[in-house]
There are 2 protein chains.
Amino acid sequence: MRYYRVPDETIKRLPIYLRRAIRLSEGQVKCVSSKELASLLGVTPWQIRKDLSYFGGFGTRGVGYNVENLVSHIREILRLDVVRKAALVGVGNLGSAILAFPGFRSYWLEIAAAFDIDKRKVGKKRNGLVVEDVALLGTLKERRIDMGIIAVPDDAAQNIADDLIKAGVKAILNFAPRYIEVPKRVKVITIDIALYLACLPYYVPSK
Amino acid sequence: MRYYRVPDETIKRLPIYLRRAIRLSEGQVKCVSSKELASLLGVTPWQIRKDLSYFGGFGTRGVGYNVENLVSHIREILRLDVVRKAALVGVGNLGSAILAFPGFRSYWLEIAAAFDIDKRKVGKKRNGLVVEDVALLGTLKERRIDMGIIAVPDDAAQNIADDLIKAGVKAILNFAPRYIEVPKRVKVITIDIALYLACLPYYVPSK
């Protein structure tokens, strides 16, 4: 099922709710109110109720959310109810950091392949994965890997995106600080680290 | 000057407008309409006008924005009109990638210091910076470095944040996938890579 008119900002918050709900469930908590959840996350209860209302809202007024339901519903909405596989392209410093990142598994996400153009890296093991030649990106389709992570230099990013899409990738997480052109059916989320740092001074009060 | 009731989402988009305005200005473009700017950035003209309206709006109806004015206004709003200095803590793979990141200078941002707890890294040069012992974080105040970037393991992040704040840091970019508690006067922006990847499957249509 695909939901309509759900803002990207709402989708971005769902994994935060999900992670917290998983922790609560691990802590044997059965039920949580939007107020409690909000105070744990630094958002407003209103925001949580509004976000979940796009999907029918599944809390009970005056009681709150059943934690197990919250986990399974959000997993289903985000299509994280099965293990999802991504391919990483670019095993430089950033790519290596991403491979070593501990946070993916808790979302049933798996980086199932890593590629690089550098022959000295190809064939070497990184975090349990053998780095493959970027020329082999075309194999992703038969391996049922439909998400890509781009951690290559700026000027190579568009070509890699094109190759990923040719190989059947439908969603891309892009770390190159540039706009990537893709067909409408493909989703790109760009994490441009400089943009975030550029926001910070705004919040630093003048002396 | 501090503006009131400006949504964080607006602040997050300003650096995108700024970067594009800088490129236009480098290309000798004198004037740009919100429509042209929007088409270059993949947002709506309405969004751009709305975002800039928080700051008085500085376009001319039917003409658009003077590019030079756009650059200088946004720089001023974001307090990027002087070089801003940040300290990086954690020179692992992610920290090294951040140090090598080419995108900061175009925003007049400078990573002016790098720290690590690992004695084997301390004293070594990385991207022109000598890595310092994390025990020396207290020196940031006298060096007028008031922003911090946390690229340390999850379980060390809160302590590092506390130390940064003690040293006078007022805004933090945090890459550790956890909520960091800070006093109200301090701004934290967390970039949790797993959260972004967890959003992607939502956009991948079912088979």
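Before any of the text, the structure's been laid out above.
As the structure is a prediction and not an experimental result, all values here were calculated from the model.

**Details of the interface of chain B and chain A**
Phase 1: On the chain A side, the residues contacting the 50 residues of chain B number 50 residues.
Phase 2: Of all the secondary structure elements, the ones that give two or more residues to the side of chain B that touches chain A are helix H1 (8–26), strand E3 (84–89), helix H5 (93–100), strand E9 (171–174), strand E10 (187–190) and helix H7 (193–199) of chain B.
Phase 3: The class makeup of the residues in the side of chain B that touches chain A is 35 nonpolar, 5 polar and 10 charged.

**Quick look at helix H6 (residues 157–166) of chain A**
All names here are of chain A.
Phase 1: Along H6, the positions that sit buried rather than exposed are Ala157, Ile160, Ala161 and Leu164. All buried residues of H6 fall inside an arc of 100° around its axis, so they share one side. Projecting away from the buried face of H6 at angles above 90 degrees are the exposed residues Asn159 and Lys166.
Phase 2: Contacts from the buried residues of H6 go to strand E3 (84–89), strand E8 (147–150) and strand E9 (171–174).
Phase 3: Following H6 by one or two positions, Gly168 adopts a phi angle in the positive range, close to 95°.

**Here's the deal with the sheet that holds strand E4 (residues 109–116) of chain A**
One key point about sheets: their strands pair by backbone hydrogen bonds, in either a parallel or an antiparallel sense.
Residue and element names in this part refer to chain A.
Phase 1: Spatially, the 6 strands line up as an open sheet ordered E7-E4-E3-E8-E9-E10, and their pairing is parallel. Looking at which strands have only one partner, the edges of the open sheet turn out to be strand E7 (132–133) and strand E10 (187–190).
Phase 2: Taken together, the 4 bridges between E8 and E9 define a ladder with parallel strand orientation. Following the sheet pairing, Met147 is matched in E9 by Ala171.

**With respect to the relation of the copies chain B and chain A**
Phase 1: Here chain B sits on chain A after a turn of 180° about the axis and a move of 0.0 Å along it, with an RMSD of 0.0 Å. Here the copies are linked by what is in effect a two-fold axis. Measuring from the rotation axis to each C-alpha of chain B, the shortest distance belongs to Asn93(B), at 2.3 Å.
Phase 2: The fraction of interface residues of chain B whose copies in chain A are also interface residues reaches 100%, indicating that both copies meet through the same surface.

What counts and what doesn't
- Residues numbered from 1 in each chain as written.
- Chains lettered and ligands numbered in written order.
- Predicted model: local features only at pLDDT ≥ 70, side-chain atom pairs only at ≥ 80, totals over all residues.
- Contact = placed C-beta atoms within 7 Å.
- Helix = DSSP H or I, 4+ residues; strand = E, 2+ residues; numbered from the N terminus.
- Nonpolar A, V, L, I, M, F, W, Y, C, P; charged D, E, K, R; others polar.
- Buried ≥ 20, exposed ≤ 12 C-beta atoms within 10 Å, placed from the backbone.
- Arc of directions from axis to C-beta.
- Pairing = 2+ DSSP bridges.
- Least-squares fit on C-alpha atoms with pLDDT ≥ 70 in both.

Note that every value here comes from positions in space, so none of it alone points to a role or purpose.
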